[in-house]
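What follows is the residue order along each chain.
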Amino acid sequence: MSRVLPPLLMLIIGLAAWEIAVRTAHLPVYILPGPLVIAQTLVRDWSTLFPSLVVTLLVTLGALAAATLLGVAIALLFAQSKWIELSLFPYAVILQVTPIVAIAPLIIIWVKDTATALLICAWIVSFFPILSNTTLGLNSTDHNLLNLLQLYGASRRQVFWYLRLPSALPFFLGGLRISGGLALIGAVVAEFVAGSGGIQSGLAYRILESGYQLNIPRMFAALFMITGTGILIFVILTLVSHLALSRWHESAAKREG
Amino acid sequence: MLQKNRPDPFPVETPSLVALRGVDKVYSNGVVALKGLDLAVREGELLSLLGPSGCGKSTVLRLIAGLGDLSSGTIEWSNRRGDIGFVFQDPTLMPWATVFGNIYLPLRVRGVPKREAAARIERAMEQVGLAGFGGAYPRELSGGMRMRVSIARSLVAEPKILLMDEPFAALDEITRFKLNDDLLALWASQRWTVVFVTHSVFESVYLSTRILVMSARPGRVAAEVPIAVPAPRDPSFRTSHAYAEHCRIVSAKLAQAMQA
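Scoring rules and cut-offs
- Residues numbered from 1 in each chain as written.
- Chains lettered and ligands numbered in written order.
- Predicted model: local features only at pLDDT ≥ 70, side-chain atom pairs only at ≥ 80, totals over all residues.
- Helix = DSSP H or I, 4+ residues; strand = E, 2+ residues; numbered from the N terminus.
- Rg over C-alpha atoms; globule rule 2.2 N^0.38 Å.
- Buried ≥ 20, exposed ≤ 12 C-beta atoms within 10 Å, placed from the backbone.
- Contact = placed C-beta atoms within 7 Å.
- Pairing = 2+ DSSP bridges.
- Axes fitted to C-alpha atoms, helices over the stretch in contact; angles between N-to-C directions.
- Left-handed = near helix turned anticlockwise from the far one by under 90°.
- Nonpolar A, V, L, I, M, F, W, Y, C, P; charged D, E, K, R; others polar.
- Parallel < 35°, antiparallel > 145°, perpendicular 65-115°, else oblique.
- Core = buried A, V, L, I, M, F, W, Y, C linked by C-beta atoms within 7 Å.
- pLDDT = per-residue confidence, 0-100.

### Looking at the overall build of chain B
Then step 1. The number of helices and strands found in chain B is 7 helices and 9 strands.
Then step 2. Here chain B has a C-alpha radius of gyration of 18 Å; the compact-globule value for 260 residues is 18 Å, and the two agree.
Then step 3. By principal-axis analysis of the C-alpha atoms, chain B measures approximately 50 × 45 × 35 Å.
Then step 4. The buried share of chain B, reckoned over its 260 residues, is 42%.
Then step 5. Nonlocal contacts in chain B, meaning residues at least 24 apart in sequence, comprise 75% of its contacts between residues at least 6 apart.

Printed below as a string of structure tokens:
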């Protein structure tokens, strides 16, 4: 409770100040709408905004799932041999440092299906933290524990399942939390670049569209939905991480005075 | 000084379990850890390797355990190499596993089902004073308790020989004395062979049936001191005349070894 209350209180104060400022300055809604107008718009336009949220969310979750699967798979490949890691890791870095807005147009041209193109863009943005963290985790196994398993005559497979995988878990979960936010950002950026309309359009397109129509309250409503989704993803992944680590990892365990 | 290729330099009354003959160990960075080391571990003894840091005592343990290769020389086991228990200076526990899960590890590697292993794990926990702590995680335990888990883990596999690499060096004196006594009690009841690495003269005299004093650069055995004080050794031994006398002899040998 004590962790939820302060930020919630801050939010209410902030929104109230915003509403009062907009009213006393008599700002027109096409410059800056107050939170009440935005909330009204959110309710009124729910029937168009919600399907768009679903579209964006599907791309985000799809990309995050692909990033998790491929990120972990490639990290496992790297863990097999230092040579594979050395020869492939630079390319993962290249993919990571190239701005997604710069390659998104190419991907959208190459890939016919827009949904797939968006998925690929969001995946490129989100997979690196999982890959690099999991790789680091798999390489951070306690050497004495490795010696011990060697002494017991453990097979490579046993070493992997009993030791390397659990050691890598906190690192992987840390990467997953970063990737969750990045997948959403990747999805939104790709939607902006694609700029496609029709029924299959996500929240980013709603923002573009509202901008053209000078429908600023709806622009804010869509923006709030994106931010809200990002926060929700972060909270869920933090919870997952906490549940998985709470008993044993310093990051999640409760500190007692 | 001991020479390479000599027969066992110390007369053997009991059969030796494992013998290192003319062992050299040179690390890849060029450091000569061991040079012409001869050493025999006798069945059922509690042998301490005592020496300054860098004398290669940990290297000897690792070589006996089969972790790392010899540069030259041989290691001979009296019969086939039996199961080895190894206790590191650090408890080396898996933080994600409970006490039970950590002790289960050697049996799990051997493919013993959890249900079959449970009774043996419970017994090992009782032997080291951990009864009832099976569900605790390592981070919830004190340093001494973690070391007990580490010892229980090496017990549960019923090793023929237990190798201990300065296991109590990082613990406070009160905990160390308690664990020393517990180790002696376990050793007396289990009839293991124990090789104990330490840099404490007092600890080695208290525990051992025999002490090998090692000298550094390159590591080799400089002296042998049998501690012919029969069991049971209890805390009164720490204040006895015999204890003080042995400590004096061992300290002198160690000082000599460090000058050589």
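### Digging into the pairing of strand β6 (residues 161-165) of chain B
Residues and elements named next belong to chain B.
Then step 1. By the criterion of burial, β6 is predominantly enclosed, with 5 of the 5 residues buried.
Then step 2. Because side chains alternate across β6, one face comprises the buried residues Ile161, Leu163 and Asp165, and the other comprises Leu162 and Met164, equally buried.
Then step 3. Bridge count for strand β5 (residues 84-87) against β6 is 4 bridges, and the pairing is parallel. Counterpart to Val87 in the pairing with β6 is Met164.
Then step 4. Alignment of β6 against strand β7 (residues 193-198), held across 5 bridges, turns out to be parallel. When the sheet's bridge partners are listed, Asp165 is paired in β7 with Val197.

### Looking at the environment of B:Asp182
Then step 1. By the element assignment, B:Asp182 lies in helix α5 (residues 173-190).
Then step 2. The contacts of B:Asp182, once residues within four sequence positions are left out, are B:Val128 and B:Gly129.

### A short note on the sheet that holds strand β1 (residues 16-26) of chain B
By definition, the strands of a sheet pair up through backbone hydrogen bonds, in either a parallel or an antiparallel sense.
All names here are of chain B.
Then step 1. Strand order across the open sheet formed by 3 strands is β2-β1-β4, with antiparallel pairing between neighbours. Because the sheet does not close on itself, it has two edges, and the strands there are β2 (32-42) and β4 (72-77). Across the sheet, the axes of successive neighbouring strands diverge by a mean angle of 10 degrees, strand direction being ignored.
Then step 2. Along the sheet, helix α1 (residues 57-65) contacts β1, β2 and β4; its crossing angle with β2, the most-contacted strand, is approximately 65 degrees.

### Some remarks on the interface of chain A and chain B
Then step 1. Counting residues at the interface gives 18 residues for chain A, matched by 16 residues for chain B.
Then step 2. For the side of chain A that touches chain B, the secondary-structure elements that each account for two or more residues are α7 (143-151) and α8 (156-194) of chain A.
Then step 3. Per-element accounting of the side of chain A that touches chain B gives the leading share, 7 residues, to α7(A).

### Description of the environment of A:Leu163
All names here are of chain A.
Then step 1. Tracing the backbone shows Leu163 in helix α8.
Then step 2. Since 21 C-beta atoms lie within 10 Å of it, Leu163 is described here as buried.
Then step 3. Not counting residues within four places of it along the chain, the set of residues in contact with Leu163 comprises Thr141, Leu145, Leu146 and Leu149.

### Overview of the packing of helix α4 (residues 82-97) of chain A against helix α6 (residues 114-139) of chain A
Residues and elements named next belong to chain A.
Then step 1. Interhelical geometry of α4 versus α6 gives an angle of 145 degrees and a closest axis separation of 9 Å. Crossing geometry of α4 relative to α6 is assigned as left-handed. Note on element contacts: α6 touches α4 through Ile124, Phe128, Leu131 and Thr135, opposite Glu85, Ala92, Leu95 and Gln96.
Then step 2. The residue inventory of the contact of α4 with α6, partitioned by class, reads 5 nonpolar, 2 polar and 1 charged.

### Digging into α1(B)
Residues and elements named next belong to chain B.
Then step 1. Counted residue by residue, α1 has 7 buried out of 9 residues, so it is predominantly covered.
Then step 2. For α1, every residue scored as buried is listed here: Lys57, Thr59, Val60, Leu61, Leu63, Ile64 and Ala65.
Then step 3. Note on α1: the residue one or two positions beyond its end, Gly66, has a positive phi of about 85 degrees.

### Quick notes on the packing of helix α3 (residues 46-80) of chain A against α4(A)
Residue and element names in this part refer to chain A.
Then step 1. In contact at an axis separation of 6 Å, α3 and α4 are set at 135 degrees when each is read in the N-to-C sense. Here α3 is positioned oblique relative to α4, judged by the angle of their axes. Contacts between α3 and α4 involve Leu77, Phe78 and Gln80 from the first element and Ile84, Glu85, Leu88 and Phe89 from the second.
Then step 2. Of the residues contributing to the contact of α3 with α4, the split by class is 5 nonpolar, 1 polar and 1 charged.

### Some words on the sheet that holds β7(B)
Residue and element names in this part refer to chain B.
Then step 1. Read from one edge to the other, the open sheet built from 6 strands follows the order β5-β6-β7-β3-β8-β9, with strand pairing classed as mixed. Strands with a single pairing partner mark the edges of an open sheet, and in this sheet they are β5 and β9 (220-226). For this sheet, the mean angle separating the axes of adjacent strands, direction not counted, is 20 degrees.
Then step 2. Strands in contact with helix α7 (residues 241-259) are β3 (46-50), β8 (210-215) and β9; relative to β8, the strand with the most contacts, it is inclined by about 20 degrees.

### Quick notes on the pairing of β9(B)
In summary, the side chains of a regular strand alternate between the two faces of the sheet.
Residue and element names in this part refer to chain B.
Then step 1. Sheet topology note: the β8/β9 ladder contains 6 bridges and is antiparallel. Counted as the bridge partner of Arg210 is Pro226 from β9.
Then step 2. Hairpin connection, β8 to β9: the antiparallel pair is bridged by 4 residues, and Arg217 has positive phi, about 50 degrees.

### Points about the environment of A:Leu42
Residues and elements named next belong to chain A.
Then step 1. One can find Leu42 in helix α2 (residues 35-44).
Then step 2. For the pair Leu42 and Ala221, spaced 179 residues apart in the sequence, the C-alpha separation amounts to 5.4 Å.
Then step 3. Beyond its immediate sequence surroundings of up to four residues, Leu42 is in contact with Leu49, Ala221 and Phe224.

### A word on the nonpolar core
Then step 1. Membership of the largest hydrophobic core comes to 82 residues, with the highest contact counts inside it found for B:Ile103, B:Ala152, B:Leu163, B:Val194, B:Val195, B:Val213 and B:Met214.
Then step 2. Not counting chain neighbours up to four residues away, the residues in contact with B:Ile103 comprise B:Ile121, B:Ala124, B:Met125, B:Val149, B:Ala152, B:Arg153 and B:Val156.
Then step 3. In this structure, A:Ala75, A:Leu118, A:Ala204 and A:Met225 belong to the second largest nonpolar core, which totals 53 residues.

### Notes on the confidence of the model for chain B
All names here are of chain B.
Then step 1. For chain B, per-residue confidence averages 83 on the pLDDT scale, and residues scoring 70 or more make up 92% of the total.
Then step 2. Confidence, expressed as mean pLDDT per element, reaches its minimum in chain B at β9 with 81 and its maximum at helix α2 (residues 99-109) with 92.
Then step 3. Per the prediction output, this complex has pTM 0.80; the corresponding ipTM is 0.80.

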